[in-house]
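Summary of the model geometry
The lines below spell out each chain.
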Amino acid sequence: NKESSSPRGALIVLEGLDRCGKTSQSGRLYKYLLEQGHSVESWRFPDRNTGVGQMISSYLTNESQLEDHAIHLLFSANRWEKRSLMEEKLKTGTTLIVDRYSYSGVAFSSAKGLDIGWCKAPEIGLLAPDLVVYLDISPEKAAERGGYGDERYEQLEFQKKVAGSYLALRDSSWKVIDATLSIVDIEKKLREVVLDCMMTCHKGKPLSQLWR
Ligand code: Z5A
């Protein structure tokens, strides 16, 4: 039985504003861990491949309109539909690097003015990350990176509100990395905190649930 014999994987979440470098760093971290012989997968939310994910994708690309609470619940449902697979992977020793998670859900919806408690409620019971890394960049600096595309939310004024929401959500367990450093320097810092977290999980830290 693989579940009981192998140490569990770690749930690593990367968060931050649009353009902070999450996608670049997830890819580099994934490649590094793989080369080191770890069992690892790279995930992202929204997962646009599921039925719910396709609804979210057409909302983000402005092909469809949805009421703010309704889209919030879809983002959450998109995580719930992956929850059991996530648990299975972690319990059988695979570390997951996840680009955005519940914190994005709460930060973006509360930036629209939705109540933060209401935003958190549908996330309760999802798996809690073992590590949240926040790639810290100002909205202005992020906007300079090649400019924003056409997706909903990719506007400076809104990103400023999202930055404020993230600040309200952060706690002392989050590792904050300056996202304006060079890609290589960020990568080094990220590896350090991730390997440390993986070690803790290998030693038997139990999986827990979000916001219980
Ligand atoms: N959303 C939500 O509302 N509710 C939810 O529950 C969830 C998400 C999960 C889609 O996300 C939107 O959904 C997102 C939040 C919302 N909206 N926004 N804004 P997405 O994941 O599809 O899109 P994104 O997160 O915004 O990804 P992105 O645009 O691809 O940004 P990124 O992954 O953080 O950055 P990147 O692609 O790695 O880098 C951006 C550029 O910067 C690129 O040209 C890089 O080469 C450059 N870069 C990266 N690092 C550096 C450094 N260190 N120096 C200089 N330049 C750099």
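This section reports on the structure supplied with the text. (Residues numbered from 1 in each chain as written. Predicted model: local features only at pLDDT ≥ 70, side-chain atom pairs only at ≥ 80, totals over all residues. Heavy atoms only, no water.)

**Considering the site of the ligand**
What counts is decided by this rule: Whether a residue is near a molecule or strand is decided by its heavy atoms; if any one of them lies within 4 Å of it, the residue is near. Counted as a polar contact is a pair of N or O atoms within 3.5 Å, where, for protein atoms, one must be capable of donating a hydrogen and the other of accepting one, and residues adjacent in sequence contribute only when both atoms are in side chains. Computed with a 1.4 Å probe, the accessible areas rest on the Shrake-Rupley method; for each residue, only the protein chains presented here act as cover. Method remark: on a 1 Å grid restricted to protein atoms, a set of points is classed as a cavity if a 1.4 Å probe fits but cannot get out and as a pocket if it is open with protein on both sides within 12 Å along at least five of seven lines; lining residues have an atom within 4 Å of a point. The rule for placing a molecule in a cavity or pocket is simple: more than half of its atoms must lie within 2 Å of the grid points. Only DSSP runs of H or I covering at least 4 residues are called helices, and only runs of E covering at least 2 are called strands; the numbering of each starts at the N terminus. Asp, Glu, Lys and Arg are counted as charged, while Ala, Val, Leu, Ile, Met, Phe, Trp, Tyr, Cys and Pro are counted as nonpolar; the rest, among them Gly, fall into the polar class.
The local shell around the ligand holds 27 residues, among which Asp18, Arg19, Lys22, Thr23 and Ser24 are the closest. Ser24 places a polar side-chain atom, nitrogen or oxygen, 2.5 Å from an oxygen atom of the ligand. Protein contacts shield 81% of the accessible area of the ligand, which totals 1,100 Å² for the unbound molecule. The cavity that encloses the ligand is the largest pocket. Of all the elements in the fold, those that place two or more residues in the shell around the ligand are α2 (22-35), α4 (68-91), α5 (102-111) and α9 (183-202). For the shell around the ligand, the residue count by class is 12 nonpolar, 7 polar and 8 charged.

**What to know about the side chain of Ser102**
Applicable threshold: Any pair of residues with heavy atoms lying within 4.5 Å of one another is described as a contacting pair.
Note that Ser102 resides in helix α5. With near-sequence residues (within four places) excluded, Ser102 lies in contact with Glu15, Arg79, Glu123, Leu126, Leu210 and Trp211.

**Some remarks on α2**
The test is simple: One fewer than the residue count of a helix, multiplied by 1.5 Å, yields its expected span.
If you check α2, its first and last C-alpha atoms are 20 Å apart, about what 14 residues at 1.5 Å a residue would give, namely 20 Å. The elements touched by buried residues of α2 are β1 (11-16), β2 (40-44), β3 (95-99), β4 (131-136) and α9. In the segment just after α2, Gly37 is the residue with positive phi, at about 90 degrees.

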